Amino acid sequence: EAIAIIPARGGSKGIIDKNIINLSGKPLIYYILEACKRSKNIFATVVTTDSELIAKVVLKEYPNTIIIKRPEDLSSDDSVSEDALIHAIKILEKKYSNLEKIIFAQVTSPLTTSDNLSELVYMLDDFDSCAFYTEDYGFFFNVDNMNSPRLPRQQRRPRKREAGNAWGFRKSGFLNSKSRFFGNTGLCKLDHPNELEIDDISDLTILESYIKFKLPK
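Residues numbered from 1 in each chain as written. Predicted model: local features only at pLDDT ≥ 70, side-chain atom pairs only at ≥ 80, totals over all residues. Heavy atoms only, no water.

**Student:** Go over the overall build of the chain, please, and point to the residues and values.
**Tutor:** Per the secondary structure count, the chain includes six helices and nine strands. Its C-alpha atoms give the chain a radius of gyration of 18 Å, near enough to 17 Å, the size a compact globule of 217 residues would have. A principal-axis box enclosing the C-alpha atoms of the chain has dimensions of 60 × 40 × 35 Å. The buried share among the 217 residues of the chain stands at 47%. Intrachain contacts of the chain at a sequence separation of at least 6 include 72% that bridge at least 24 residues. A total accessible area of about 11,800 Å² is found for the chain, and carbon and sulfur atoms account for 49% of it. Counting 30 positive and 30 negative side-chain charges, the chain places the centres of these two groups 3 Å from one another. (Helix = DSSP H or I, 4+ residues; strand = E, 2+ residues; numbered from the N terminus. Rg over C-alpha atoms; globule rule 2.2 N^0.38 Å. Buried < 20%, exposed > 50% of the residue type's maximum accessible area, 1.4 Å probe, protein only. Contact = heavy atoms within 4.5 Å. Areas by Shrake-Rupley, 256 points an atom, 1.4 Å probe, with all protein chains shown as cover. Lys, Arg positive; Asp, Glu negative; His and termini not counted. Charge placed at Lys NZ, Arg CZ, Asp CG, Glu CD.)

**Student:** Before we move on, could you go through the pairing of strand β4 (residues 42-49) and cite the residues and values that matter?
**Tutor:** For a regular strand, the rule is simple: side chains alternate between the two faces of the sheet. For β4, the tally of buried residues reaches seven of eight residues, placing the bulk of the element in the interior. Both strand β1 (residues 2-7) and β4 contribute to a ladder of six bridges, which runs parallel. Within the sheet, the bridge partner assigned to I6 lies in β4 and is V47. (Pairing = 2+ DSSP bridges.)

**Student:** Could you give an account of the pattern of salt bridges, with specific residues and numbers?
**Tutor:** A full pass over the atoms with the stated rule returns six salt bridges. Across the salt bridge formed by R180 and E82, the nearest N and O atoms sit 2.7 Å from each other. Taken together, the residues R180 in the loop between α5 (171-177) and β9 (185-189) and E82 in helix α3 (residues 81-92) connect sequence positions 98 residues apart. For the pair shown, R180 and E82 are each scored as buried. (Salt bridge = Lys/Arg side-chain N within 4 Å of Asp/Glu carboxyl O.)

**Student:** Describe the sheet that holds strand β8 (residues 159-170), naming the residues involved and giving the relevant values.
**Tutor:** What links the strands of a sheet is backbone hydrogen bonding, and the strands pair in either a parallel or an antiparallel sense. Ordered in space as β5-β4-β1-β6-β8-β7-β9, the seven strands form an open sheet in which the pairing is mixed. Two strands bound the open sheet, and with one partner strand each, they are β5 (66-69) and β9. Averaged over all pairs of adjacent strands, the angle between strand axes in this sheet comes to 30°, irrespective of strand direction. Sheet contacts for helix α1 (residues 29-38): β1, β4 and β6 (101-105); angle to β4, the most-contacted strand, approximately 155°. On the sheet, helix α4 (residues 114-123) packs against β1, β4, β6, β7 (129-136), β8 and β9 and is oriented at approximately 130° with respect to β7. (Axes fitted to C-alpha atoms, helices over the stretch in contact; angles between N-to-C directions.)

**Student:** Residue-level account of the packing of aromatic side chains, with values.
**Tutor:** Across all of its chains, the model carries four aromatic pairs by this definition. With a centroid separation of 5.4 Å and 65° between ring planes, the pair formed by F43 and Y96 is classed as edge-to-face. One end of the pair, F43, is in strand β4; the other, Y96, is in the loop between α3 and β6, and 53 residues separate them in sequence. Ring plane angle 15° and centroid distance 4.3 Å describe the contact between F169 and F174, whose orientation is recorded as stacked. The same class applies to F169 as to F174, namely buried. A cation over a ring is seen here: K26 above Y31, with NZ or CZ 4.4 Å from the ring centre. Residue placement shows R180 over the ring face of W167; its charged tip is 4.4 Å from the ring centre. (Phe/Tyr/Trp six-rings, centres within 6.5 Å; stacked < 30°, edge-to-face > 60°. Lys NZ or Arg CZ within 6 Å of the ring centre and 35° of its normal.)

**Student:** Could you give me a rundown of the side chain of K18, with the residues and numbers involved?
**Tutor:** Topologically, K18 is positioned in the loop between β1 and β2 (22-23). This buried residue, K18, is left without a salt bridge; D199 holds the nearest opposite charge, at 4.3 Å. When near neighbours in sequence (up to four residues on either side) are disregarded, K18 contacts S12, L28, T108, I198 and D199.

**Student:** Describe the layout of surface pockets, and please don't skip the residues or the numbers.
**Tutor:** Put simply, the second largest pocket is a space of about 380 Å³. When the residues that make up the lining of the second largest pocket are grouped by side-chain class, the tally is four nonpolar, eight polar and six charged. (1 Å grid on protein atoms, 1.4 Å probe; cavity = no way out; pocket = protein on both sides within 12 Å on 5 of 7 lines; lining within 4 Å. Points joined across faces, edges and corners; volume = space filled by probe spheres on them. Nonpolar A, V, L, I, M, F, W, Y, C, P; charged D, E, K, R; others polar.)

The values reported here are purely geometric and, on their own, carry no functional implication.
Set out below in structure tokens:
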């Protein structure tokens, strides 16, 4: 089993209060919290945040969530997720002495499922770190010869594009490397559209429509 850590900073410039913005009738963060709750391989879910409002919203519907107060110096626009994760892990180690498998999950990918997260946990039996990818059949100006003939999609070999839904890693290796990727890294395919994430208002509108018409009620 693993523990899931969800970074949820309060300051958001693109979309104000993005982590708790309403998406199809509930706060955005509830989607990943529900996926973690339903995953049979995740025994505890942690939210590391600098925002009392986010903590309050989380605990209202998910009272068993562990809230870790994120220090101000790890909550600026220039802060990286790894620093917040290291801070949270060092606190969690005091309670969970055998903690080893960790899932780093993102609020901004609301289509992540419990099965998706369980797949990452399973991969940690064989790999030091792991991530999701999606198949990308596009052309890239700085990589491809743009003067070459365009092959039909079914004849092209897709690239593996990293998906930002979640990552998995073993605690000891992560603390040593301070990187979500280290050692023997495994890749887990994520089917479209589960990789969609919210960075701006247009993303929010697209996912609002998808959830309204496609997801089971």
